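Survey of secondary and tertiary structure
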Amino acid sequence: DLRSLISSARKRFGVPPNERLSETWENTSLQTVYEELLMSFLDVPEHNADELAMLVRLKEVLEVDGIVAGNAHRHAAQLLVSKGYSGLEG
């Protein structure tokens, strides 16, 4: 039955049963995924605009909240600064 499948999946991935806690867990997980993809895009010397478009589409498909995406961007910026990256060179 569908409910048991959903319940099993929630347990497998450690999703809290409470709806509010579930949303917090989801936002944290999505922020981590989005942030990792953003960092992989920024870690290469040459930036590919197609990858940025892919990241925007992913954000839309996953319905990543603007605050979650903003937090990921802020953290990515902090990591870049800690690595000595001072901006795009032209």
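Up top is the structure these notes are about.
Residues numbered from 1 in each chain as written. Predicted model: local features only at pLDDT ≥ 70, side-chain atom pairs only at ≥ 80, totals over all residues. Heavy atoms only, no water.

**Things to note about the overall build of the protein chain**
On a plain count of helices and strands, the protein chain comes out with 4 helices and 0 strands. Expressed as lengths along the three principal axes of its C-alpha atoms, the size of the protein chain is roughly 55 × 25 × 20 Å. The proportion of buried residues among the 90 residues of the protein chain is 19%. Within the protein chain, contacts between residues separated by at least 24 positions form 59% of all contacts whose residues are at least 6 apart in sequence. Split by element, the accessible area of the protein chain, about 7000 Å² in all, is 57% carbon and sulfur. Across the protein chain, the mean location of the 9 positive side-chain charges is 10 Å away from that of the 14 negative side-chain charges. (Helix = DSSP H or I, 4+ residues; strand = E, 2+ residues; numbered from the N terminus. Buried < 20%, exposed > 50% of the residue type's maximum accessible area, 1.4 Å probe, protein only. Contact = heavy atoms within 4.5 Å. Areas by Shrake-Rupley, 256 points an atom, 1.4 Å probe, with all protein chains shown as cover. Lys, Arg positive; Asp, Glu negative; His and termini not counted. Charge placed at Lys NZ, Arg CZ, Asp CG, Glu CD.)

**Details of a negative patch on the surface**
Residues Glu19, Glu23, Glu26, Glu63 and Asp65 make up a contiguous surface patch of negative charge. Tracing the backbone shows Glu26 in helix α2 (residues 19-42). Using a relative accessible area of 43% as the deciding quantity, one classes Glu26 as partly exposed. (Patch = residues over 30% accessible without salt bridge, like charges linked within 9 Å, V, L, I, M, F, W, Y side chains within 5 Å. Salt bridge = Lys/Arg side-chain N within 4 Å of Asp/Glu carboxyl O.)

**Side note on a nonpolar patch on the surface**
Together, Val33, Val61 and Leu62 make up an exposed nonpolar region whose accessible area comes to about 250 Å². Inspection of the secondary structure puts Leu62 in the loop between α3 (49-61) and α4 (66-82). Under the relative-accessibility criterion, Leu62 is labelled partly exposed at 33%.

**Topic: the nonpolar core**
The biggest cluster of nonpolar side chains holds 11 residues, and these are Leu30, Tyr34, Leu38, Met39, Leu55, Val64, Val68, Ala69, Ala72, Ala76 and Leu80. Every element with two or more residues in this core is listed here: α2 and α4. For this core, the element with the most residues is α4, which contributes 5 residues. (Core = buried A, V, L, I, M, F, W, Y, C linked by side-chain atoms within 4.5 Å.)

**Comments concerning α4**
The end-to-end C-alpha distance of α4, which contains 17 residues, comes to 24 Å, matching closely the 24 Å that a straight helix rising 1.5 Å per residue would cover. Its side-chain oxygen placed 2.9 Å from the backbone nitrogen of Ile67, Asp65 serves as the N-cap of α4. The positive-phi residue at the C-terminal boundary of α4 is Gly84, with phi of around 90°. (Expected span 1.5 Å × (residues − 1). Polar contact = N/O pair within 3.5 Å; in protein donor to acceptor, adjacent residues only side chain to side chain.)

**Some words on the environment of Ser8**
Looking at where Ser8 falls in the secondary structure, it is placed in helix α1 (residues 2-12). Along the backbone, Ser8 and Val61 are 53 residues apart, and their C-alpha atoms lie at a distance of 24 Å.

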